[in-house]
Amino acid sequence: MTTANEPDARSWRIVVGVSGGIAAYKAVLVVRQLVLLGHEVEVIATPAALEFVGAPTFEAISHNPVRRDVFENVHAVQHVALGQQADVVAVVPATANTLARMAAGLADDLLTNTLLAARGPVVVAPAMHTEMWEHPATQTNVRRLEERGVTIVGPESGRLTGTDEGPGRLAEPNDIVTAILVAAQSAERERAAAERARDLAGQRVLVTAGGTREAIDPVRYLGNRSSGKQGVALAARAAARGAQVTLIAANVEVPLPDEVQVVRVTSAQELATAATELAPKHDVIVMAAAVADFRPERVAEGKIKKESTGDTLTLTFTKNPDILRTLVEARVPGQLIVGFAAETEADDAARLELARAKVKRKGSDLLVLNRVGWDHTFGREETEVQVIDLAGSVLAEDVGDKMSVADTILDVVAERIGDTPAS
């Protein structure tokens, strides 16, 4: 998730409405941060707002003329176009009067006209004296706006104008900027989800998730740090996009989607058996599980005790089957197979070359590359991936939570379905 201190992955078109309160000077900081992050910002200032901060300040910071009157740029239908074209409309600060007019659906100036015409999310940062904020009318107006999906940021409690203290202080600019960017990202995700809806309908998708465990004795095992979150996210999003999904879950402890068929396994050999049996019945195979490369050659019948082994313990390991390669070699006509490559290599270019070498060895149609390590990916909510094809070309990249990354991967899958060899 992008915060106010780091660049966003894309540029948003943001309208910042400024109403007439003393906190209007902080709107300048909000606009400045958004512009520095690479976003296109249009400022709509009410006449009262311009009593607190002059138009030249906003114009210098935003690099755009301040919009202030319904009758400006009438030929461009500005009072409607600004809201229609904005990814987000924010009001910083929102006075009690502005909140009341928004709640009532009034359109008596350019700002309220724009708010009524807004197609995207609306973020509001109230600021006023405590008595005004706590008044039942204001609280009712805020609840109405929240019921309509408006995001309310703050207010905070602190020093107000003069010697007053209490709730009503404008939220910090960083927090407001973060809320604006989160609203934009969420809205884009919803739009993308609507566009993707049912694009995998009729497809049978097999997903593996989690990390295998190879028994050493009845108590201990050789395992890895995979939580299974990415594989579970892939299964959930594939099902949401209309696919019939089977999930092979290897020691996954996160909640599993209700709408998928689940097969639980423990070891790499169990996963290989399940995948080999199920693969021919599926159109798409996504091998997201972290599979152990080796397993102990012998498993002790009882618990290994240090009293009987001495100061050292030697275990001999043998290779596990290459499940991905086996599935590729036994693929049914038209089947699309996606592998995963988890690499600890820190250098981006070198890591990509490792993935390209792997996809050639394995022969999968697609390979998802992600960086893992002590502080990367495993067990975390966010991840970074690149999706490459058999030729090594990067088809997609994404940084984000595992649900959004799952959709990025499935976008490529949806595009490639039907492009695999018929035999």
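Owing to the predicted nature of the structure, the values given are computational and were not obtained by experimental measurement.

Draft legend 1. Representation of the sheet that holds strand S4 (residues 122–126) within the structure. With parallel pairing, five strands are arranged side by side in an open sheet as S2-S1-S3-S4-S5. Every other strand in the sheet has two partners, leaving strand S2 (40–45) and strand S5 (151–152) as the edge strands with one partner each. As paired elements, strand S1 (residues 13–18) and S2 share six bridges and run parallel to each other. Bridged to Ile-14 within S2 is Val-41.

Draft legend 2. Looking closely at the environment of Gly-166. Checked against the element boundaries, Gly-166 lands in strand S7 (residues 165–169). With 32 residues separating them along the chain, Gly-166 and Glu-134 place their C-alpha atoms 10 Å apart. Those residues within four positions of Gly-166 in sequence are excluded, and the remaining contacts are Thr-130, Glu-156, Ser-157, Gly-158 and Leu-160.

Draft legend 3. Region of interest: the packing of helix H5 (residues 96–104) against helix H8 (residues 136–147). It is the contact of H5 with H8, at a shortest axis distance of 9 Å, that shows an interaxial angle of 50°. Classified by the angle between their axes, H5 and H8 sit oblique to one another. For H5 against H8, the interelement crossing comes out left-handed. Residues Ala-96, Leu-99, Ala-100, Met-102 and Ala-103 of H5 form the contact with H8, whose participating residues are Thr-138, Asn-141, Val-142, Arg-144 and Leu-145. Looking at the contact of H5 with H8, its residues break down into seven nonpolar, two polar and one charged.

Draft legend 4. A negative patch on the surface, seen in detail. A cluster of like negative charges, contributed by Glu-131, Glu-134, Asp-164 and Glu-165, occupies part of the molecular surface. For Glu-134, the location among the structural elements is in helix H7 (residues 130–134).

Draft legend 5. Structural context of the sheet that holds strand S11 (residues 244–250). Taken together, the eight strands give an open sheet; going across it, the order is S12-S11-S8-S13-S16-S17-S18-S19, and neighbouring strands pair in mixed fashion. Each having just a single partner strand, strand S12 (261–265) and strand S19 (394–401) make up the two edges of the open sheet. Averaged over all pairs of adjacent strands, the angle between their axes in this sheet comes to 15°, without regard to strand direction. Seen against the sheet, helix H10 (residues 229–240) touches strand S8 (204–210), S11, strand S13 (284–287), strand S16 (336–343) and strand S18 (382–389) and runs at an angle of roughly 160° to S8.

Draft legend 6. Here's a closer look at the nonpolar core. Of all hydrophobic cores here, the largest spans 37 residues; its most connected members are Leu-34, Val-92, Ile-176 and Ile-180. Breaking this core down by element, the ones donating at least two residues are S1, helix H1 (24–36), S2, helix H3 (55–62), strand S3 (88–94), S4 and helix H9 (173–196). Ranked by size, the runner-up nonpolar core spans 34 residues in total, among them Leu-200, Val-207, Ala-209 and Ala-396.

Draft legend 7. Inspection of the confidence of the model for the protein at higher detail. A residue-level look at the protein finds 92% of positions with pLDDT of 70 or above and a mean pLDDT of 89. A low-confidence stretch, residues 1–8 (pLDDT under 50), is modelled with 25 contacts involving residues beyond four sequence positions or located in other chains.

About the criteria used
- Residues numbered from 1 in each chain as written.
- Predicted model: local features only at pLDDT ≥ 70, side-chain atom pairs only at ≥ 80, totals over all residues.
- Heavy atoms only, no water.
- Pairing = 2+ DSSP bridges.
- Helix = DSSP H or I, 4+ residues; strand = E, 2+ residues; numbered from the N terminus.
- Contact = heavy atoms within 4.5 Å.
- Axes fitted to C-alpha atoms, helices over the stretch in contact; angles between N-to-C directions.
- Parallel < 35°, antiparallel > 145°, perpendicular 65-115°, else oblique.
- Left-handed = near helix turned anticlockwise from the far one by under 90°.
- Nonpolar A, V, L, I, M, F, W, Y, C, P; charged D, E, K, R; others polar.
- Patch = residues over 30% accessible without salt bridge, like charges linked within 9 Å, V, L, I, M, F, W, Y side chains within 5 Å.
- Areas by Shrake-Rupley, 256 points an atom, 1.4 Å probe, with all protein chains shown as cover.
- Salt bridge = Lys/Arg side-chain N within 4 Å of Asp/Glu carboxyl O.
- Lys, Arg positive; Asp, Glu negative; His and termini not counted.
- Charge placed at Lys NZ, Arg CZ, Asp CG, Glu CD.
- Core = buried A, V, L, I, M, F, W, Y, C linked by side-chain atoms within 4.5 Å.
- Buried < 20%, exposed > 50% of the residue type's maximum accessible area, 1.4 Å probe, protein only.
- pLDDT = per-residue confidence, 0-100.

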